[in-house]
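Understanding the architecture of this molecule
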Amino acid sequence: MTNTVENQPKHSKKEWAFDPGYIDDRVQVLNHCGTFGIFSRMGDILPLGKAVHGLYHKDTRYINTLALKLEGEALTLLSSNIKEENEILSVDLTNPDLLLADGTFLRNGTAHIRRSQFVRNGVYLEKIELQNFGEIAVSLKLSLTFSGDFKDIFEVRGLKREKRGMLDSNKQIGNKQVVICYHGLDNISRKANISFGQEFHQFEGEEVYFDLCLPPKQTIALDYSIAFEEGEGNFETKVYQHLRPQVEPSLEENKSYFPTIETSNEQFSHWLNRSKSDLISLMADTPFGKYPYAGVPWYNTAFGRDGIITALETLWVAPDLSRDTLLYLAACQSDKLDEENDAEPGKILHETRGGEMVNLNEVPFRQYYGTIDATPLFVMLAGEYYQRTADLGTLKKIWSNIKKALEWINLYGDLDQDGFVEYKHKAKNGLTNQGWKDSHDSVSHSNGQLADPPIALCEVQGYVYAAKIHGANLAKTFGEHALANQWRDEAKRLKEKFNERFWDKELNCYVLALDGNKQPCRVKSSNAGHVLYTGIADPSKAKALAATLLKPDMFNGWGIRTLSSDEVRYNPMSYHNGSVWPHDVALIASGLSRYGFQQQALRLMTGLFDASLFIPLQRLPELFCGMERRKGEGPTSYPVACSPQAWSVAAVFMLLKAVLQIKISPLTKEISFQKPILPSYLEEITIKNLLVGNGFVNLHLVRHNHDQMVGVNWENSPEGWKLTVVK
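Note that residues are indexed from 1 along each chain, following the sequence as it is written. Only residues with pLDDT of at least 70 get local features here, since the model is predicted, and only at 80 or more are side-chain atom pairs given and counted; chain-wide, interface and lining totals rely on the full set of residues. The side-chain quantities take in all heavy atoms of the structure and omit both hydrogens and water.

Aromatic rings from Phe, Tyr and Trp, taking only the six-membered ring of Trp, are treated as a pair when their centres fall within 6.5 Å; an angle between ring planes under 30 degrees marks them as stacked, one over 60 as edge-to-face, and anything in between as tilted. The final tally for this structure, using the stated rule, is 36 aromatic pairs. Pairing Phe39 with Tyr124 gives two aromatic rings, centres 5.9 Å apart and planes at 35°, and the pair type is tilted. Taken together, the residues Phe39 in strand 2 (residues 35–40) and Tyr124 in strand 11 (residues 123–132) connect sequence positions 85 residues apart. Think of it in three bands: with a 1.4 Å probe and only protein chains considered, a residue is buried below 20% of the maximum accessible area for its type, exposed above 50%, and partly exposed in between. Residue class for Tyr124 comes out buried when judged on its relative accessible area of 0%. Taking 5.6 Å as the distance between ring centres and 80° as the angle between the ring planes, the aromatic pair formed by Phe146 and Tyr224 counts as edge-to-face. Comment: elements are numbered from the N terminus, with helices defined as DSSP H or I runs of at least four residues and strands as E runs of at least two.

This is the structure we're talking about:
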């Protein structure tokens, strides 16, 4: 994930007339496509903590303050919950003790205030319901404070700018509308149009007031929307009661990508369902179908590597997401040399961004290609997708892109023509490190010294090997036998050379990388686990590596650390040097299972499942700290981790596949399980409406009591298909 900013923003706190007892620095997140909101548990947006609260759209924070008050006072929090489908933030509040203007004393707990908040792409909507449980009517003044700073997301993250555009004061338009406008240095106007379903009674600066008469035992409701727009177009007023009913059909459409998975363990089932809901919330519409945006808040956009790995994690349950991901990335494939964006012909996108700073080239991420692994991963996904679906039509559409990607590997990826693929960034403000661990200090030697470029990462060689194997298989399918033989021969030579140069007998591990002088970075890292996932490891070395990865210096009880605790640069609170990343753990588990180490894969699944039980909503974040697991305590949070994060919430699907070793092969019309196992906490699993070929199947898996082995039954089996279970 892009880690372009090391320091968090510094800011001066503005004084707020809120009872500090009701300010909670935990946040609630709502997101849909290119729009997301970060709120306090009260449902407010305030400059607290790291000052990241806000309503964001297309990499710009439009609204940085949204505060609800009653009689000028903050309300008392009762509860704050994200609904199971991830679409609504529901907040229950009540009044503090209030002395009203007419002398009436309103005791705490007399009025119930419910906030229902949600976002759709380009708009935020809220409904506020007030109910009086008192015995007399009361007159109340409700106010909403709005302000917008229109900061680029890179500004919010801490990048300083010498100049900014011009921010207009809030402008009242009639008695039902307020507009906040910012004129950017990129000559684009960005506006937040606040439209109410009823007239407000007063407007002062940044506050809108409603005078309400609340009869006893009665409920009244207010609703409003905030629409976000670039340019000079006319706003279309969005109404809560009109847009809210549209949410359900949209959710159902996205859910159709996934089968229903039920288990005998309610908590594991909740983990699966929460993960599916989170992933659905990140699936953005593109001209090519759905694309999984990487994560909220910092990465709510399309990333090549993240999208591909998310697709690989979910391929067995949601192959249509892989198809859409391939089509999108093929359309964004570079066709030219462009050093300012680290682009070369055939290279697959790293990330794409919008916003003022991108438009002004203050950051280079409009379409940025500074990744060494997205290109071979793209070919891997294409090959895996074909094996899973036999969808030759889609592969025909992108076959030229696949060939260009493999050409890039040989022409541009191998900088010194030594047979390994390495990176050295060219873009002035681009990423120094261009593997998945892309922070500046993530590649080092055993003495802690940072590696000099060009750098050949161990897992990247595995990705290249797998890409060439898949490329060869696809070339054979398309009748291009010379290419098939070439890529298969190249893969064979790479595997031999890799196991010779990257394996370290003393470490019992593949080294992290070779530096620019072809010296090995002799440190134990989770990168080596990806080598298993790709199949490039020799079987004897895979056995030794499996043992190494599960030792206490690497496995902390929750998952695999990114860097061994024995290493000089180990820091469990770092981004990449000792933390635990769920997607990383899932890939390693899949690799272990590939080589027959399913018990070890099961330990990793159990570790992350246990971790999920301590994490709010059972939503695995981008990462958490790598401290050793302590009895009765959950994992230590990483303070600015993205959540939800696509490849983290998708990890559970790959973990489940790893222990079941399920393979769906439409080319041979077979569903097979290779020595499937389940833990004691999962006695049964039912998978309904799993896509196989042109139909759907239901699978029922039962764990035998006397061991971990699994029996499998199926229903609605497609004609001509067979079910195989190897025990």
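Across the chain, each position has a pLDDT score giving the predictor's confidence in that residue, from 0 to 100. Of all residues in the chain, 93% have pLDDT values of 70 or greater, and the mean over the chain is 92. Any pair of residues with heavy atoms lying within 4.5 Å of one another is described as a contacting pair. In this model residues 2–25 is a low-confidence stretch, pLDDT under 50, and it forms 59 contacts with partners more than four residues away in sequence or in other chains.

Of the two site types, the cavity is a set of points on a 1 Å grid over the protein atoms alone where a 1.4 Å probe fits but cannot get out, and the pocket is an open set with protein on both sides within 12 Å along at least five of seven lines, each lined by residues with an atom within 4 Å of a point. Grid points are joined across faces, edges and corners, and a volume is the space filled by probe spheres set on the points. In this structure the tally under the stated criterion is 5 cavities of 30 Å³ or more. Reported here for the second largest cavity is a volume of approximately 80 Å³. Together, Asp342, Glu344, Lys347, Ile372, Trp408, Tyr412, Leu415, Glu422, Tyr423, Lys424, Lys426 and Gln434 line the second largest cavity. Note on residue classes: Ala, Val, Leu, Ile, Met, Phe, Trp, Tyr, Cys and Pro are nonpolar, Asp, Glu, Lys and Arg are charged, and everything else, Gly too, is polar. Tallied by class, residues from the lining of the second largest cavity come to 5 nonpolar, 1 polar and 6 charged.

Once that is clear, we can look at the environment of Pro679. Here Pro679 lies in the loop between strand 32 (670–674) and strand 33 (684–692). Here Pro679 falls in the buried class, since its relative accessible area comes to 4%. Once the C-alpha coordinates of Pro679 and Arg603 are considered, the two residues, 76 residues apart in sequence, prove to be 9.2 Å apart. The residues touching Pro679, leaving out its near neighbours within four places in the chain, are Leu602, Met605 and Arg703.

Moving on, we get to the sheet that holds strand 30 (residues 520–521). Each pair of strands is called paired provided DSSP finds at least two bridges between the two strands. What the 3 strands build is an open sheet, ordered 26-29-30; its pairing is antiparallel. The open sheet is flanked by strand 26 (456–457) and strand 30, the only strands paired with a single partner. Judged from the 2 bridges that link them, strand 29 (residues 513–514) and strand 30 form a sheet pairing that is antiparallel. From the neighbouring strand, Leu514 faces strand 30, where its bridge partner is Pro520.

Quick look at helix 8 (residues 392–413) now. The largest bend along helix 8 reaches roughly 55° and is located at Ile398. Looking at helix 8, one finds that the buried residues are Thr394, Leu395, Ile398, Trp399, Asn401, Ile402, Ala405, Leu406, Trp408, Ile409 and Gly413. Tucked into the core, helix 8 has its buried residues touching helix 5 (319–331), helix 7 (374–389), helix 9 (458–477) and helix 10 (481–501). As used in this structure description, the phrase polar contact means that two N or O atoms lie within 3.5 Å; if the pair is within protein, one of them must be able to donate a hydrogen and the other to accept it, and residues adjacent in sequence are counted only when both atoms belong to side chains. The N-cap residue of helix 8 is Asp391: its side-chain oxygen and the backbone nitrogen of Gly393 are 3.3 Å apart. The angle separating two fitted axes, one through the seven residues that finish at a residue and one through the seven that start at it, defines the bend at that residue.

Attention shifts here to the sheet that holds strand 34 (residues 695–703). Paired through their backbone hydrogen bonds, the strands of a sheet run either parallel or antiparallel. The 4 strands lie next to each other as 21-33-34-35, forming an open sheet whose pairing is antiparallel. Each end of this open sheet is capped by a strand with a single partner; those strands are strand 21 (260–263) and strand 35 (710–715). This sheet shows a mean twist of 20° between the axes of neighbouring strands, independent of strand direction. Relative to strand 33, strand 21 runs antiparallel, the two sharing 4 bridges. Bridged to Glu262 within strand 33 is Thr686. Here, axes are lines fitted to C-alpha atoms. For helices the fit covers the stretch in contact, and angles between N-to-C directions go from 0 to 180 degrees.

Our focus in this paragraph is the pattern of salt bridges. Salt bridge, as applied in this entry: a Lys or Arg side-chain nitrogen positioned within 4 Å of an Asp or Glu carboxyl oxygen. Throughout the structure, instances matching the rule amount to 35 salt bridges. Across the pair Glu155 and Arg161 runs a salt bridge, and its minimum N-O distance is 3.4 Å. Neither Glu155 nor Arg161 differs from the other in exposure class; each is buried. In this structure, Lys524 and Asp553 form a salt bridge, with 3.0 Å as the shortest nitrogen-oxygen distance. Of this pair, Lys524 sits in the loop between strand 30 and helix 11 (527–534) while Asp553 sits in the loop between helix 12 (539–549) and helix 13 (582–594), and the two are 29 residues apart along the sequence. The same class applies to Lys524 as to Asp553, namely buried.

This next bit is on the pairing of strand 16 (residues 177–183). Counting buried positions along strand 16 yields 5 of 7 residues, so the element is predominantly enclosed. With 2 bridges joining them, strand 14 (residues 166–167) and strand 16 adopt antiparallel strand pairing. Pairing of Leu167 across the sheet is with Tyr182, part of strand 16. With 2 bridges connecting them, strand 15 (residues 171–172) and strand 16 associate as antiparallel partners. Residue pairing across strands places Lys171 opposite Val179, the latter belonging to strand 16. Between strand 15 and the antiparallel strand that follows it, strand 16, lie 4 residues; Gly174 among them carries a positive phi value of about 70°. As defined by bridge partners, strand 16 adjoins strand 17 (residues 189–196) across 7 bridges and the pair is classed as antiparallel. Its bridge partner lying in strand 17, Ile180 is registered against Ala192. Hairpin geometry of strand 16 and strand 17 is characterised by an intervening segment of 5 residues between the two adjacent antiparallel strands and by a positive phi of about 65° at Asn187.

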